[in-house]
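Understanding the architecture of this molecule
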Protein chains: 2
Amino acid sequence: MRVGLDVGGTKTDAVAVDAAGRVWARVRLATGWGPIGVVQTIADAVDALVGAGVDRDAIGSVGVGMPGQVQPGSTHVLHAVNLGIADLDLGVAVERRLGVPVGVENDVKAAALGADALRGGTDRAGTLAYLNLGTGIAAGIVRDGALWRGRHGTAGEVGHIAVDPHGPACTCGQQGCIEALAGGAAIARRWGRAAPLPVVDVLDAADRGDARAAMLRAELMMGVAAAVRILVLTADVDVVVIGGGLSGLGDRLMRGVVAELEASAEASAFMRSLRLGERVQLLPVGSPAAALGAALVGATRDRDTRETVIHG
Amino acid sequence: MRVGLDVGGTKTDAVAVDAAGRVWARVRLATGWGPIGVVQTIADAVDALVGAGVDRDAIGSVGVGMPGQVQPGSTHVLHAVNLGIADLDLGVAVERRLGVPVGVENDVKAAALGADALRGGTDRAGTLAYLNLGTGIAAGIVRDGALWRGRHGTAGEVGHIAVDPHGPACTCGQQGCIEALAGGAAIARRWGRAAPLPVVDVLDAADRGDARAAMLRAELMMGVAAAVRILVLTADVDVVVIGGGLSGLGDRLMRGVVAELEASAEASAFMRSLRLGERVQLLPVGSPAAALGAALVGATRDRDTRETVIHG
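In this text the structure is predicted, and so the values were computed from the model without any measurement.

What to know about the confidence of the model for chain A
Residue and element names in this part refer to chain A. Model confidence for chain A is summarised by a mean pLDDT of 92, while 95% of its residues fall at 70 or above. Helix H4 (residues 178-182) holds the highest mean pLDDT among the elements of chain A, 98, whereas helix H12 (residues 306-310) holds the lowest, 42. Here residues 303-312 is a poorly scored stretch, pLDDT under 50, and it has 15 contacts once near neighbours within four places are set aside; other chains count. Taken together, the chains of this predicted complex give a pTM of 0.90 and an interface ipTM of 0.86.

Below, the structure is given as structure tokens:
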């Protein structure tokens, strides 16, 4: 049995996955703050899985997906600011606590692996992009069932590609970045109205005919469509799976994105030939993709069962 | 000895490459029109190489790079419009004529292989993009010494990615495509003034202070810089080698492109960390990249020597 955890800024999603890659148990809990709080949360999540019937002695590995930079092949986490972690070898800390091999991966990359695994065996010989629409925007690319990072780790870093020279300023310093158009934080900042779900507030206001909200909505759809086109036309991904907080918008997001993609297909026979509208999918709300992907990352630390799980 | 040919709209560049991948002889001749003219040109080029001292009996394979679509793994060429070829199995036609195995590849993809080979052994374990700036714009990507096409063959097809929603109309039907900003044909059409080298005419006029020419020049640099950013941030290429007709602009092109890349690095610490300005290179004028790459493609048909040449 492998445990995978998606450690988010507010909550942690944990699953226990069997050798065939099936999710056997799942628990959710609030995420603690800082190195101590995060390690405690991970230990608590494992306890909760055991409470849910997982045999503690049968846990062969633990994989953790979390925001921030993770050096490839290491368990060292940098700049996980919204978890209060500046620099921590999470693997060492968790292995000491739990006594099982631990793997750590950036949460978007872990979710990409999970999204690919959830699509099942059939499409594993291909390329999938997982486009995470959260406070920020990034994509993870999985080729033939394995994460594709690129030598510099920038494969899929579409968030800061500028697609409108006259577009809004991005926190990165450029103008018209995809993240400035379609990132949750950027939209909330530009909308400027306090709301529990700012992007939902924007879409509701747009539906009521608010012109500025309609513009923000159009830029959201344009930004996501641009990310899809760039992923397909540069990395030739077969499918783009959209996840992250904004994927909770469901049809309201998909309708707009597909309409944008179909508008370019209308205009261009070349774009039409790519059938982009059919190649975009929404990760189902509540999907365990990130935690499942983390379990697969953890499993790679578990040498003797590596094959089973990676291709499971 | 392997022969490689870059069959262009006006001239054909042919090289003979030894087993170590060294260019042993090189000839250039005018390209004939239509299926018969092109096959004749290839036969004439081989004769010319023999005339230049290549032992005809030592020619193990012939590789052809040409514009148009080539079905991966096949020698079937489609839509090579400026050669007068709509649909031709060039391999069958040339093998019948020359009696050696023939490989065929799209010219941009062949040039990418050649540009990678010309960079020598050291960097072969990495990813190179060859960005062809000609009448149109496309890139070929080579990963670990092998062409990376992607399952749909769209890897590196950055020409029709829109990077300015308010940009000029593209012949593809979209607006603000990289090709509409930086493609030679688009610039010539928008400039509208008859000149042997329209883009040079634009740059000269811009240097003389012509405002419209300065705008076209700025859009050229912006479009090329956008292609470089997209290739690095999506496919994580280590280096972007710029070739094609517009690469003849040399420093006038490079200065402008690097300035654009450095402006975004100025603005953004993230972009700065990518050191894009240092990762762009110009293919030397008169480089045999495309013909050399074609020779490598031909060599892959020559089973027993495949390894030698691909890694040579």
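From this point, the discussion proceeds with the structure in view.
Examining the relation of the copies chain B and chain A
Relating one copy of the chain to the other requires a rotation about an axis plus a shift along that axis. If you rotate chain B by 180 degrees and push it 0.0 Å along the axis, it lands on chain A with an RMSD of 0.0 Å. Those values place the two copies in the arrangement expected of a two-fold rotation axis. By residue overlap, the copies meet face to face through one surface: 100% of the interface positions of chain B are interface positions in chain A.

A short note on the sheet that holds strand S8 (residues 102-106) of chain A
Residue and element names in this part refer to chain A. Judged by pairing direction, the sheet is mixed, and its 5 strands sit side by side in the order S3-S2-S1-S4-S8 without closing on themselves. Both outer strands of the open sheet, strand S3 (23-30) and S8, are each paired with one neighbouring strand and no more. Each strand axis lies, on average, 15 degrees off the axis of its neighbour in the sheet, ignoring direction. One ladder, built from 6 bridges, connects strand S1 (residues 2-7) with strand S2 (residues 11-17); its direction is antiparallel. Looking at the pairing, Gly4 lines up with Val15 of S2. With respect to the sheet, helix H2 (residues 90-98) is in contact with strand S4 (61-66) and S8, its orientation differing from that of S8 by roughly 145 degrees. Contacts from helix H11 (residues 289-299) reach S1, S2, S3, S4 and S8 within the one sheet, and its direction differs from that of S1 by about 130 degrees.

Let's talk about helix H6 (residues 198-207) of chain A
Because each turn of an α-helix spans 3.6 residues, side chains separated by three or four positions in sequence point in the same direction. Residues and elements named next belong to chain A. Buried within H6 are the following residues: Val199, Asp201, Val202, Leu203, Ala205 and Ala206. In this structure, the buried residues of H6 make contact with helix H5 (184-191), helix H7 (211-235) and helix H8 (251-267). The positive-phi residue at the C-terminal boundary of H6 is Gly209, with phi of around 100 degrees.

A short note on the packing of aromatic side chains
In total, this model carries 1 aromatic pair over all chains according to the counting rule given. Ring plane angle 65 degrees and centroid distance 5.3 Å describe the contact between Trp148 of chain A and Trp148 of chain B, whose orientation is recorded as edge-to-face. You can see Trp148 of chain A sitting in strand S11 (residues 146-148) and its partner Trp148 of chain B sitting in strand S11 (residues 146-148), one on each of two chains. Across this residue pair, the class does not change: Trp148 of chain A and Trp148 of chain B are buried. The ring of Trp148 of chain A carries Arg143 of chain A above its face, with NZ or CZ at 5.4 Å from the centroid.

Some words on the pairing of S3 of chain A
Residues and elements named next belong to chain A. Here S2 pairs with S3 via 7 bridges, running antiparallel. Bridged to Asp13 within S3 is Arg28. Between S2 and the antiparallel strand that follows it, S3, lie 5 residues; Gly21 among them carries a positive phi value of about 85 degrees.

Section: the packing of helix H7 (residues 211-235) of chain B against helix H8 (residues 251-267) of chain B
All names here are of chain B. Packing of H7 against H8 leaves a shortest axis separation of 9 Å and a crossing angle of 60 degrees. Crossing angle aside, the handedness with which H7 passes H8 is right-handed. Facing H7, whose interface residues are Leu220, Met221, Met222, Val224, Ala225, Val228 and Arg229, H8 presents Arg252, Leu253, Gly256, Val257, Glu260, Leu261 and Ser264. Looking at the contact of H7 with H8 residue by residue, the class counts come to 9 nonpolar, 2 polar and 3 charged.

Section: the interface of chain B and chain A
Listed as interface residues are 45 residues of chain B and, on the opposing side, 45 residues of chain A. On the surface where chain B and chain A come into contact, there are 2 salt bridges. We note a salt bridge from Asp238 of chain A to Arg151 of chain B, for which the minimum N-O separation is 3.2 Å. Remark: the boundary between chain B and chain A carries 20 residue pairs in polar contact (both at pLDDT 80 or more). Elements with a minimum of two residues in the side of chain B that touches chain A: strand S10 (137-143), H7, H8 and helix H9 (269-274) of chain B. Of all the elements, H7 of chain B adds the most residues to the side of chain B that touches chain A, at 8 residues. Considered class by class, the residues forming the side of chain B that touches chain A number 22 nonpolar, 13 polar and 10 charged.

Side note on the nonpolar core
Core analysis: the largest hydrophobic core is formed by 100 residues, its most contacted members being Leu131, Val158 and Leu220 of chain A together with Leu131, Val158 and Leu220 of chain B. Beyond its immediate stretch of four places on either side in the chain, Val158 of chain B contacts Leu233 and Thr234 of chain A together with Leu131, Ile137, Ala139, Ile178, Ala227, Ile230 and Leu231 of chain B.

Concerning the environment of Val202 of chain B
All names here are of chain B. Locating Val202 in the fold gives a position in helix H6 (residues 198-207). In this structure Val202 comes out as buried when scored by relative accessible area, which is 1%. For the pair Val202 and Ala188, spaced 14 residues apart in sequence, the C-alpha separation works out to 8.4 Å. Leaving out residues up to four positions away in the same chain, Val202 has contacts with Ile187, Trp191, Ala213, Leu216 and Arg217.

Quick word on the sheet that holds strand S5 (residues 69-70) of chain A
All names here are of chain A. Read across the open sheet, the 3 strands follow the order S5-S6-S7; overall the sheet is antiparallel. Strand pairing shows two members of the sheet lacking a second neighbour, S5 and strand S7 (85-89), which therefore form its edges. The pairing of S5 with strand S6 (residues 76-80) spans 2 bridges and is classified as antiparallel. Bridge pairing in S6 places Gln69 opposite Leu78. Strands in contact with H2 are S6 and S7; relative to S7, the strand with the most contacts, it is inclined by about 60 degrees.

Side note on the environment of His79 of chain A
All names here are of chain A. Relative to the helices and strands, His79 is located in strand S6. With 157 residues separating them in the primary sequence, His79 and Asp236 have C-alpha atoms 30 Å apart. Excluding residues that lie within four positions of it along the chain, His79 makes contacts with Gly68, Gln69, Ile85 and Ala86.

Let's talk about the packing of H6 of chain B against H7 of chain B
Helix-helix packing is characterised by the crossing angle of the two axes and by the distance between the axes. Residues and elements named next belong to chain B. The interhelical angle for the contact between H6 and H7, taken along N-to-C directions, is 120 degrees, at an axis separation of 8 Å. Classified by the angle their axes make, H6 and H7 are oblique. Crossing of H6 over H7 shows left-handed handedness. Contacts between H6 and H7 involve Val199, Val202, Leu203, Ala205, Ala206 and Asp207 on the former and, on the latter, Ala213, Ala214, Leu216, Arg217 and Leu220. Residues of the contact of H6 with H7, tallied by class, amount to 9 nonpolar, no polar and 2 charged.

What counts, and where the lines are drawn
- Residues numbered from 1 in each chain as written.
- Chains lettered and ligands numbered in written order.
- Predicted model: local features only at pLDDT ≥ 70, side-chain atom pairs only at ≥ 80, totals over all residues.
- Heavy atoms only, no water.
- pLDDT = per-residue confidence, 0-100.
- Helix = DSSP H or I, 4+ residues; strand = E, 2+ residues; numbered from the N terminus.
- Contact = heavy atoms within 4.5 Å.
- Least-squares fit on C-alpha atoms with pLDDT ≥ 70 in both.
- Pairing = 2+ DSSP bridges.
- Axes fitted to C-alpha atoms, helices over the stretch in contact; angles between N-to-C directions.
- Buried < 20%, exposed > 50% of the residue type's maximum accessible area, 1.4 Å probe, protein only.
- Phe/Tyr/Trp six-rings, centres within 6.5 Å; stacked < 30°, edge-to-face > 60°.
- Lys NZ or Arg CZ within 6 Å of the ring centre and 35° of its normal.
- Left-handed = near helix turned anticlockwise from the far one by under 90°.
- Nonpolar A, V, L, I, M, F, W, Y, C, P; charged D, E, K, R; others polar.
- Salt bridge = Lys/Arg side-chain N within 4 Å of Asp/Glu carboxyl O.
- Polar contact = N/O pair within 3.5 Å; in protein donor to acceptor, adjacent residues only side chain to side chain.
- Core = buried A, V, L, I, M, F, W, Y, C linked by side-chain atoms within 4.5 Å.
- Parallel < 35°, antiparallel > 145°, perpendicular 65-115°, else oblique.

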